[in-house]
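# Breakdown of the fold
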Amino acid sequence: MKLAPSIYTADFLNLGEQVRAVEAAGVDWMHLDVMDGVFVPNLTFGPAICKAIASATALPCEAHLMIADADRYLDVYQAAGMKRLIVHAEACPHLYRTLAQIKDLDMQTGVALNPLTPLGALEDALPLLDLVLLMTVEPGFGGQAFIPESHARIRRMRRMLDAIGSSAELEIDGGVNAHNIAVCATAGASMAVVGSSVYSSQFGVAEGVRALRAATQASASR
């Protein structure tokens, strides 16, 4: 299971240090939650912060665009150093055009689905994708509890990807921790966005990453 820490829950007064800490702990990607206060009710940050983070780490960065009218900003996030852009199917009425533009900008393509958006909404787009992101909470706020019914959605999406021979990552986002990550991996997820299970006042970054790795490794060995 690949790990992609979300800086949304990091200490913004020490952001560079927080990025370096997860890199040293051996994570795989940086996940940047861009929220506009329109598509989702919260507001986070934009391309300037994304560019600063991309310049501070050797890890590849993915921007999760929880924004309306994402097409207007694709080239801006490419210029900010993003390797992958994740857009929401619910916010992209012309999804084929959006994905084509991302590919033309030489970035990987990702599409996210909200918890109750039917998986079939993405069926025809799967051959165009490098990543599918299933939200396991409602997007917009950190610290939410994992929606238990998400396990079944993960299994169904894994079957859909396998049926077409897709090598796309199946990423999950929301409430993922050391107690539930193994079940998600068994269901077919290959990548997890992790926030408060890594950036916490209760334990250090390295400890959080070790706990997540140990949980998935223990599951794989059974």
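Reference entry: report on the structure contained in this document. Please read all numbers here as calculations on a predicted model, not as lab measurements.

### Side note on unusual backbone geometry
- Phi is positive for Asp69, close to 55°, though the residue is something other than glycine.
- Position of Asp69 relative to the elements: it lies in the loop between strand E3 (61-66) and helix H3 (74-79).
- The backbone of Asp106 sits at a positive phi, close to 65°, despite the residue not being glycine.
- Residue placement: Asp106 occurs in the loop between helix H4 (95-104) and strand E5 (108-113).

### Describing the environment of Tyr96
- Counting through the fold element by element, Tyr96 comes out in helix H4.
- The sequence separation of Tyr96 and Ile172 amounts to 76 residues, and the corresponding C-alpha distance is 22 Å.

### A closer look at the side chain of Thr117
- On the secondary structure map, Thr117 appears in the loop between E5 and strand E6 (131-135).
- A relative accessible area of 14% means that Thr117 is categorised as buried.
- Residues contacting Thr117, with those up to four places away along its chain left out, are Glu90 and Arg153.

### Points about the packing of aromatic side chains
- As enumerated under the stated definition, the model contains one aromatic pair in all.
- Between Phe12 and Phe45, the aromatic rings sit 6.2 Å apart at their centres with planes inclined by 40°, giving tilted as the arrangement. Placement of Phe12 in the loop between strand E1 (2-5) and helix H1 (15-24) and of Phe45 in the loop between strand E2 (30-35) and helix H2 (47-56) is noted, with a sequence separation of 33 residues between them.
- Taking relative accessible area as the criterion, Phe12 reaches 39% and is therefore assigned partly exposed.
- For Phe45, a relative accessible area of 10% gives the class buried.
- In this structure, Arg84 is placed above the aromatic ring of Trp29, and the distance from its NZ or CZ to the ring centre is 3.8 Å.

### Overview of the packing of H1 against H2
- For the pair H1 and H2, the least separation of the axes is 10 Å and the interaxial angle reads 45°. It follows that H1 is oblique to H2 by the angle criterion. Judged by the sense of rotation from one axis to the other, the crossing of H1 with H2 is right-handed. Note on element contacts: H2 touches H1 through Ile49, Ile53 and Ala56, opposite Leu15, Val19, Arg20 and Glu23.
- Class assignment of the residues belonging to the contact of H1 with H2 gives a composition of five nonpolar, no polar and two charged.

### Regarding the sheet that holds E6
- The eight strands lie next to each other as E1-E8-E7-E6-E5-E4-E3-E2, forming an open sheet whose pairing is parallel. At either end of the open sheet lies a strand with only one pairing partner, and these are E1 and E2. Neighbour-to-neighbour, the strand axes of the sheet open up by a mean angle of 25°, direction not taken into account.
- Relative to E3, E2 is paired through six bridges, and the arrangement is parallel. For Leu32, the partnering residue across the bridge sits in E3 and is Ala63.
- H4 contacts strand E4 (84-88) and E5 of the sheet and is inclined by roughly 145° relative to E5.

The rules we used
Residues numbered from 1 in each chain as written. Predicted model: local features only at pLDDT ≥ 70, side-chain atom pairs only at ≥ 80, totals over all residues. Heavy atoms only, no water. Helix = DSSP H or I, 4+ residues; strand = E, 2+ residues; numbered from the N terminus. Buried < 20%, exposed > 50% of the residue type's maximum accessible area, 1.4 Å probe, protein only. Contact = heavy atoms within 4.5 Å. Phe/Tyr/Trp six-rings, centres within 6.5 Å; stacked < 30°, edge-to-face > 60°. Lys NZ or Arg CZ within 6 Å of the ring centre and 35° of its normal. Axes fitted to C-alpha atoms, helices over the stretch in contact; angles between N-to-C directions. Parallel < 35°, antiparallel > 145°, perpendicular 65-115°, else oblique. Left-handed = near helix turned anticlockwise from the far one by under 90°. Nonpolar A, V, L, I, M, F, W, Y, C, P; charged D, E, K, R; others polar. Pairing = 2+ DSSP bridges.

Geometric descriptors of this kind do not, in isolation, establish any biological role.
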